[in-house]
Amino acid sequence: MHFPRPKVTPNAYILTVLELVRKDARFFLAVALAGLALRLVFVLHFPAVVDDSRLYADIAENWLQHGIYGITNSGEVVPTLSRLPGYPAFLAAVFAIFGWSNFRAVLLIQVLFDLGTGLLIADLARRMFSARAAKAAFALAALCPFLANYAAAALTETLEVFFATLALDLAICGITGFRNNSNSMRASATWFGCGLSIGACILLRPDGGILFAAIAAYLFLLLFRQSPRSAAQPAIPDQPRLPILPVLSAGLFLTLGAFGPLVPWTLRNLHTLHKFQPLAPRYANDSDELVMTGFNRWTRTWIADYTSVQEIYWKVPGDAIDATRLPGRAFDSPQQGEETQQLFADYNRDHDMTPELDSRFAALAADRIHSAPLRYYVWLPALRVADMWLRPRTELLASDPRWWEFNDDPVWLTVSLAFGLTNFVYVALAAAGLLRSRHLFGIGLFILFLGMRSLFLATLENPEPRYTLECYPIVIAAAAAFLIDKSHRDDRKPA
């Protein structure tokens, strides 16, 4: 592993992000106010309180009023394990202070969390790159319309991104400590805090565990790189060996912090529902609900973009589905098209997915997978991931999801194009920044997390752009590094 020794300013290693703020208070205040104004525009004019928001609120209110972590079903509170307790606990705390179903208070508090995320991203960029990169990262985070948009949505994303950023920042701090021989007690606290941050991510959404997997895998790679060299491969001064015990200790404290918070939830599910369920189920269902495995598998044989999620996937069960909205790739032959049309007609009679109907979708899926396995296992997953990364992130706004047809209202079409271009610029700058910084110690953690999360998202049948927001702290930090690299090359530094 190559550890470059770039030139750095004398205080580059000791400046904290708060010291940076004090040093350039006018810049940070101006950018923070601009970020606050942007978020307030979304909160005041485009607040998003969706079905999932109301479900979380129902759980929170039942938890507060009745002491039961459950949903209201026909006037009765029924215990549930369909949602992890992180976001309902947040809503319960806000409602207890500001009043029942006070979503305005929820969104305003999320705005503060999101601005805090900007400071954490700045600190992440400072540790990995430089003080100037930290300032650029703060500006990119504060003015990012996608983070601002979700701050105005009563969903898990804002808190999830906040704790993911905190975990990444602490992980980079801990990795830096391996090279700087940090105090063992402080190092243990850093890694335990990193684990707790990941635990908070997992309690918000189960896929938060991907961050644990990425950091744990990176620690393992550090250990693997410490294997003894042969006589023919003498040690190179610029490649210092990392001590093994601190790396093992880091893994232990990381694991304790990440999974310790799940113990009460797991015990509750065993005691109340007699089921071992440390996370929420894959399809966020309760034990008495039908899991539409056949329909979901059939969906993965053709779905490639978020538009089909809105028009087909989310409508089942409960709403009529329009077969004309299916793309041509959903059929391999006229006969298969007729079979699919009949399945839709049978479903639309009562808008319910029965086990018999689900098994017919499963049989159709099996035929399609058998006839084109590469399409199912490679090409469509790749298209879904590309769609999640590159689609205009306007799903919370009134923009037409079929933006490429250019028949939307001119204002919303302009919004879609502007959001799409902005997203592309962020992602392109980040890719260039990661490529340019590929030799920096710690950058492998960024690349590993982006890769592991993208591979996970490829397995989903519902490609929603919001699922890549947890990657945006890295996107923003890497983009900032690229922006400052040419004009301030001497200011770059490793973590």
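Before any of the text, the structure's been laid out above.
Numbers given for residues are sequential positions, taken from 1 along each chain in its written order. Only residues with pLDDT of at least 70 are given local features in this predicted model, and only at 80 or more are side-chain atom pairs given and counted; all residues enter the totals for whole chains, interfaces and linings. As a rule here, side-chain values come from all non-hydrogen atoms in the structure, and water together with hydrogens is ignored.

Comments concerning the pairing of strand 1 (residues 70-73)
Stated formally: Here the rule is simple: two strands pair whenever DSSP picks up at least two bridges between them. By the criteria applied, helices consist of DSSP H or I runs no shorter than four residues and strands consist of E runs no shorter than two, each listed in order from the N terminus.
In this structure, strand 1 lies alongside strand 2 (residues 76-79), joined through four bridges in antiparallel fashion. Counterpart to Gly70 in the pairing with strand 2 is Pro79. What sits between the antiparallel neighbours strand 1 and strand 2 is a turn of two residues, in which Ser74 has the positive phi angle 55 degrees.

Overview of the state of the cysteines
Short version of the rule: Two cysteine sulfurs form what is called a disulfide whenever their separation falls within 2.5 Å. The buried label goes to any residue with under 20% of its type's maximum accessible area, the exposed label to any with over 50%, and the partly exposed label to all in between, with areas taken from a 1.4 Å probe on protein chains only.
Using the criterion set out here, one finds zero disulfides in the structure. This cysteine, Cys144, is not joined by any disulfide, and Cys471 carries the nearest cysteine sulfur, 13 Å off. Under the relative-accessibility criterion, Cys144 is labelled buried at 0%. Free of any disulfide, Cys173 has its nearest cysteine sulfur in Cys194, 9.8 Å distant.

Notes on the packing of aromatic side chains
Using the following cut-off: Only rings of Phe, Tyr and Trp enter the pairing, Trp through its six-membered ring, and a pair is recorded when the two centres are within 6.5 Å. The plane angle decides the type: under 30 degrees is stacked, over 60 is edge-to-face, the rest tilted. Charge-over-ring contacts are defined here by two conditions on Lys NZ or Arg CZ: a distance within 6 Å of the ring centre and an angle within 35 degrees of the ring normal.
Evaluation of the coordinates by the stated rule reveals 28 aromatic pairs. Ring centres of Phe42 and Phe46 lie 6.2 Å apart, and the angle between their planes is 55 degrees; on these two criteria the pair is classed as tilted. Look at Phe46 and you get partly exposed, because its relative accessible area is 30%. Consider the rings of Phe162 and Phe163, whose centres lie 5.1 Å apart with planes at 90 degrees: the pair is edge-to-face. By relative accessible area, which is 16% here, Phe162 ends up buried. Take Phe163: its relative accessible area is 21%, and that puts it in the partly exposed class. Connected via pairs of aromatic rings, a cluster forms that spans Tyr56, Tyr87, Phe90, Phe113, Phe162 and Phe163. For the cation-ring pair, Lys135 lies above Phe27, with the distance from its terminal atom to the ring centre recorded as 4.8 Å. The residue whose ring lies beneath Arg282 is Tyr283, and the NZ or CZ to ring-centre distance is 4.4 Å.

A few points about the side chain of Thr190
Note the cut-off: Here, two residues are considered to be in contact whenever any of their heavy atoms come within 4.5 Å of each other.
Positionally, Thr190 belongs in helix 9 (residues 184-204). Once residues within four sequence positions are removed from consideration, Thr190 is found in contact with Leu170, Cys173 and Gly174.

Considering the packing of helix 5 (residues 103-128) against helix 6 (residues 131-142)
Heads up, the condition is: In this analysis an axis means a line fitted to C-alpha atoms, helices contributing only their contacting stretch, and an angle means the value between N-to-C directions, from 0 to 180 degrees. Working definition: roughly parallel below 35 degrees, roughly antiparallel above 145 degrees, roughly perpendicular at 65 to 115 degrees, and oblique for all remaining angles. Take the far helix as your reference; a near helix turned counterclockwise from it by less than a right angle gives a left-handed crossing, and one turned clockwise gives a right-handed crossing.
At their nearest, the axes of helix 5 and helix 6 sit 7 Å apart, and the two run at 150 degrees to each other. Overall, the two elements helix 5 and helix 6 adopt an arrangement that is roughly antiparallel. Considering how the two elements wind past one another, helix 5 and helix 6 form a crossing that is right-handed. Listed contacts from helix 6 to Leu115, Gly118, Leu119, Ile121, Ala122, Ala125 and Arg126 of helix 5 are Ala133, Ala134, Ala137, Phe138 and Ala141.

Observations regarding the pattern of salt bridges
We count it as follows: When a carboxyl oxygen of Asp or Glu is within 4 Å of a side-chain nitrogen of Lys or Arg, the pair counts as a salt bridge.
Taken as a whole, this structure holds 27 salt bridges when the rule is applied. Between Asp51 and Arg54 there is a salt bridge, with the nearest N and O atoms lying 3.4 Å from each other. Taken as a pair, Asp51 and Arg54 lie in helix 3 (residues 51-66) at a separation of three residues, close to a single helical turn. Residue classification places Asp51 among the exposed residues on the basis of a relative accessible area of 62%. A relative accessible area of 47% means that Arg54 is categorised as partly exposed. The closest approach of N and O atoms between Arg349 and Asp346, which form a salt bridge, is 2.8 Å. By sharing partners, the salt bridges in this structure join Glu157, Arg205, Asp207, Arg453, Glu464, Arg466 and Glu470 into a single network.

So, the nonpolar core
Note the cut-off: Side-chain atoms within 4.5 Å are what join buried Ala, Val, Leu, Ile, Met, Phe, Trp, Tyr and Cys residues into a set we call a nonpolar core.
Trp191 and Ile198 are the most contacted members of the largest nonpolar core, which totals 97 residues. Non-local contacts of Trp191, meaning those with residues more than four positions away in its chain, are made with Ala171, Gly174, Ile175, Phe178, Ile215, Leu219, Ala250, Phe253 and Leu254. Counting 22 residues, the second-largest nonpolar core is a separate cluster that includes Trp298, Ile312, Val316 and Phe361.

Focus on helix 16 (residues 355-371)
Counted only if it meets this: To estimate how far a helix should reach, multiply one less than its number of residues by 1.5 Å. Summarising the geometry, the arc corresponds to the directions from the helix axis toward the C-beta atoms.
Compared with an ideal rise of 1.5 Å per residue, which puts 17 residues at 24 Å, helix 16 spans 25 Å between its outermost C-alpha atoms and is within 8% of the ideal. Where helix 16 is concerned, the buried positions are Leu357, Asp358, Phe361, Leu364, Ala365, Arg368 and Ile369. Taken around the axis of helix 16, the buried residues stretch over an arc of 135 degrees, which confines them to a single face. Away from its buried face by more than 90 degrees, helix 16 exposes Pro355 and His370. Packed against the buried residues of helix 16 are helix 13 (293-300), helix 15 (334-348) and helix 17 (373-390).

Digging into the packing of helix 3 against helix 4 (residues 86-98)
Filter applied, for reference: Amino acids outside the nonpolar list (Ala, Val, Leu, Ile, Met, Phe, Trp, Tyr, Cys, Pro) and the charged list (Asp, Glu, Lys, Arg) are all regarded as polar, and Gly is one of them.
Between helix 3 and helix 4, the least distance of the axes is 8 Å, while the angle of their chain directions is 65 degrees. Between helix 3 and helix 4, the angle is such that the two are roughly perpendicular. By crossing handedness, the relation of helix 3 to helix 4 is classed as right-handed. Residues Ser53, Tyr56, Ala57, Ile59, Ala60, Glu61, Trp63 and Leu64 of helix 3 touch helix 4, and the partners they reach there are Tyr87, Pro88, Ala89, Leu91, Ala92, Phe95 and Ala96. Taken together, the residues of the contact of helix 3 with helix 4 break down into 13 nonpolar, one polar and one charged.

Considerations on the environment of Thr307
Condition: Residues adjacent in sequence count toward polar contacts only when both atoms are side-chain atoms; beyond that, a polar contact is any pair of N or O atoms within 3.5 Å, and within protein one must be able to donate a hydrogen and the other to accept it.
Its location among the elements puts Thr307 in helix 14 (residues 306-311). Within the structure, Thr307 has its side chain in polar contact with the side chain of Asp305 (distance 3.1 Å).

Some thoughts on the environment of Asn73
For Asn73, the location among the structural elements is in strand 1. Separated by 398 residues in sequence, Asn73 and Cys471 have C-alpha atoms that sit 36 Å apart.

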